[in-house]
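# Inside the fold
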Amino acid sequence: MQLTNRSKVVVNKQMTFKERIYLPAIFSGMMITLSHLFKKKVTIQYPEQTRPVSKIYRGQHVLKRDDAGAERCTACGLCAVACPAEAITMVAAERKKGEEHLYREEKYAATYEINMLRCIFCGDCEEACPKEAIFLTDRKVDSEYQRKSFIYGKDILVEGIDLAKRVDVSHRETAEVAAFKTHKEYAHNKVYQKK
Ligand code: SF4
Ligand code: SF4
C-alpha cells in the first residue's frame with residue numbers, strides 16, 4: 001500500500017565503462033581545482049593580512065577607566081547576568097580608604113574574567129552595563145595554543161591608565177552618554193585630584 005506519493009523506485013543501474021575507470025571524474029575534479037588558481041582568492045593570509053572591519057565591530061572587550069584613571073566597573077554583576085554564554089565571572093571587593101583614585105565606586109571588581117572561548121561577541125554585556133564600564137572594541141582576540149590562555153583577566157581587559165594607552169570607544173557611546181559626560185558637575189565625570 002502506498003501511503004504517500006514521495007516513494008522512489010530504486011534502480012540497480014550498472015556503472016558504465018567510463019564510470020568504472022574513474023579517470024574522467026578525477027580529471028573533471030582536477031579541472032575545477034585548476035580553474036580556482038586563476039580566480040580571485042576569497043581567503044587572506046591572517047594574521048599577516050587582516051580585513052577591514054566596521055568601527056562598531058564587536059571584538060575584544062575593554063574595561064574602561066574614567067577621565068581620572070579610576071576603574072569604572074562596580075562589580076554589580078549585570079553583565080554576567082546578561083551574558084547568554086555565561087562567559088563572565090567576577091569577585092567583588094570593597095574599596096578601601098585611599099583607593100579612590102583606583103576605583104570610582106565603593107565596590108569594585110577584584111577579579112573580572114571573560115572566557116573568550118565561550119563569548120559569542122553579542123554585546124549584551126555592553127548593553128547591560130549601567131556604568132559605561134565595559135565595551136567591545138574592533139580589536140581581535142589573538143589565537144592561542146592553550147585553552148586557559150583564553151580566560152582574559154583584568155590584566156588584559158582593563159585599559160592602561162596613561163591617556164596614550166586608553167582604548168577609544170567614542171564611536172560606540174550614544175549621543176546621550178556623550179552629552180552626559182560633558183557635565184562636569186556629575187560626580188562620575190569629576191577628575192580625581194590627589195590630595
Ligand atoms: S559579548 Fe555577549 S557572550 Fe561575550 S561576554 Fe559579552 S554578553 Fe557574554
Ligand atoms: S562591567 Fe558594568 S555591568 Fe559588569 S559588573 Fe562592571 S559595572 Fe556591572
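For the structure given in this document, a descriptive report is provided here. Computed from a predicted structure; not experimentally measured.

### A few points about the overall build of the protein
When its secondary structure is counted, the protein shows 6 helices and 5 strands. Starting at the N terminus and ending at the C terminus, the protein contains elements arranged as α-α-β-α-β-β-α-β-β-α-α. The C-alpha atoms of the protein give 27 Å as radius of gyration, which overshoots the globular expectation for 195 residues (16 Å, by more than 25%). Across its three principal axes, the protein shows a C-alpha extent of roughly 95 × 50 × 35 Å. Taken over 195 residues, the protein has a buried fraction of 15%. Within the protein, counting contacts between residues at least 6 apart in sequence, those at least 24 apart form 75% of the total.

### Concerning the site of ligand 1
In the region of ligand 1, 14 residues are neighbours, and Cys83, Cys119, Cys122, Asp124 and Cys125 sit closest. Class assignment of the residues belonging to the shell around ligand 1 gives a composition of 12 nonpolar, 1 polar and 1 charged.

### Examining the nonpolar core
Soluble globular proteins tend to bury their nonpolar side chains together. If you look at the biggest cluster of nonpolar residues, it comprises 21 residues, and the most contacted ones within it are Leu63, Cys73, Cys79, Ile88, Cys125 and Ile134. Of all the secondary-structure elements, those providing two or more residues to this core are β1 (61-63), β3 (107-115) and β4 (134-136). Here the element with the most residues in this core is β3; it accounts for 4 residues. Look past the residues within four positions of Cys125 in its chain and what remains in contact with it is Cys79, Ala82, Cys83, Ile88 and Ile134.

### Some details on the pairing of β3
Pairing geometry for strand β2 (residues 88-94) and β3, over 7 bridges, is antiparallel. When the bridges of β3 are listed, Glu94 appears paired with Lys107. With 2 bridges connecting them, β3 and strand β5 (residues 151-152) associate as antiparallel partners. Pairing of Asn115 across the sheet is with Ile151, part of β5.

### What to know about unusual backbone geometry
The linkage connecting Tyr46 with the following residue, Pro47, adopts the cis geometry, with an omega of 10 degrees. Tracing the backbone shows Pro47 in the loop between α2 (23-37) and β1. Of note, the phi angle at Tyr22 is positive, near 60 degrees, even though the residue is not glycine. Following the sequence through the fold, Tyr22 ends up in the loop between α1 (17-21) and α2. Notably, Ala75 is not glycine yet its phi reads approximately 55 degrees, a positive angle. Its place among the elements puts Ala75 in the loop between β1 and α3 (78-82).

The rules behind the values
Residues numbered from 1 in each chain as written. Chains lettered and ligands numbered in written order. Predicted model: local features only at pLDDT ≥ 70, side-chain atom pairs only at ≥ 80, totals over all residues. Helix = DSSP H or I, 4+ residues; strand = E, 2+ residues; numbered from the N terminus. Rg over C-alpha atoms; globule rule 2.2 N^0.38 Å. Buried ≥ 20, exposed ≤ 12 C-beta atoms within 10 Å, placed from the backbone. Contact = placed C-beta atoms within 7 Å. Near = placed C-beta within 6 Å. Nonpolar A, V, L, I, M, F, W, Y, C, P; charged D, E, K, R; others polar. Core = buried A, V, L, I, M, F, W, Y, C linked by C-beta atoms within 7 Å. Pairing = 2+ DSSP bridges.

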